[in-house]
Amino acid sequence: MGLFEMTKTVLQNLVRGPATRRYPAVPARTTPITRGHVVFDPATCRSCALCSKRCPCVAIHLDKEAKVWEINRMRCIACGDCVESCPFGSLAMEQDYLPPTEEHVVDSYTITYVKPERPAKKPAEEGVDA
Ligand code: SF4
Ligand code: SF4
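Bear in mind that the values here come from a model prediction, so they are computed numbers and not experimental data.

Undergrad: If you had to explain the sheet that holds strand β2 (residues 60–63) to someone new, which residues and values would you point to?
TA: Within a beta sheet, neighbouring strands are joined by backbone hydrogen bonds and run either parallel or antiparallel to one another. The strand order across the open sheet formed by three strands is β2-β3-β5, and the pairing between neighbours is antiparallel. Among the strands making up the open sheet, the edge pair consists of β2 and β5 (106–110). Averaged over all pairs of adjacent strands, the angle between strand axes in this sheet comes to 15 degrees, irrespective of strand direction.

Listed below in structure tokens is the structure:
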């Protein structure tokens, strides 16, 4: 890059200001396809573990015995694979970002889904004439 080009770029950048945002002081910009963070519905999750198998970052941990579903927010890259793989619609992608933090954030949920009981079989009809 010649001196002229470089000077031009520097002057343009001085006029335009920074290309980045001072998030979180300035709210993040979102679009209809923004992937902010994964949300989980403990009332519909059936502990099938498909989401944890699909996650490329090993961000999801499922303890079927204890009925605990966990997501490590520091590992999650918001790729959306878990949301697409869940056959029961228990996962969704919200557009807003979680607040920045330096903590090791693992969100833990207790699965509350209760398998509905099968309807009792009707007793065989009695006294039916052949
Ligand atoms: S969005 Fe991607 S990285 Fe995050 S938990 Fe789901 S599958 Fe894993
Ligand atoms: S969130 Fe969906 S994919 Fe993951 S264990 Fe629950 S039901 Fe299965």
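After that view of the structure, there is still more to cover.
Undergrad: Report on the pattern of salt bridges, specifying residues and quantitative values.
TA: Opposite charge on two side chains allows them to pair when their charged atoms are near. Tallied over the full model, the rule gives one salt bridge. In this structure, the salt-bridge partner of Asp107 is Arg73, at a minimum N-O distance of 2.8 Å. With Asp107 in strand β5 and Arg73 in the loop between β3 (68–72) and α3 (81–85), this pair connects stretches of sequence that are 34 residues apart.

About the thresholds
Residues numbered from 1 in each chain as written. Chains lettered and ligands numbered in written order. Predicted model: local features only at pLDDT ≥ 70, side-chain atom pairs only at ≥ 80, totals over all residues. Heavy atoms only, no water. Pairing = 2+ DSSP bridges. Helix = DSSP H or I, 4+ residues; strand = E, 2+ residues; numbered from the N terminus. Axes fitted to C-alpha atoms, helices over the stretch in contact; angles between N-to-C directions. Salt bridge = Lys/Arg side-chain N within 4 Å of Asp/Glu carboxyl O.

Interpretation in functional terms is not warranted from these geometric data alone.
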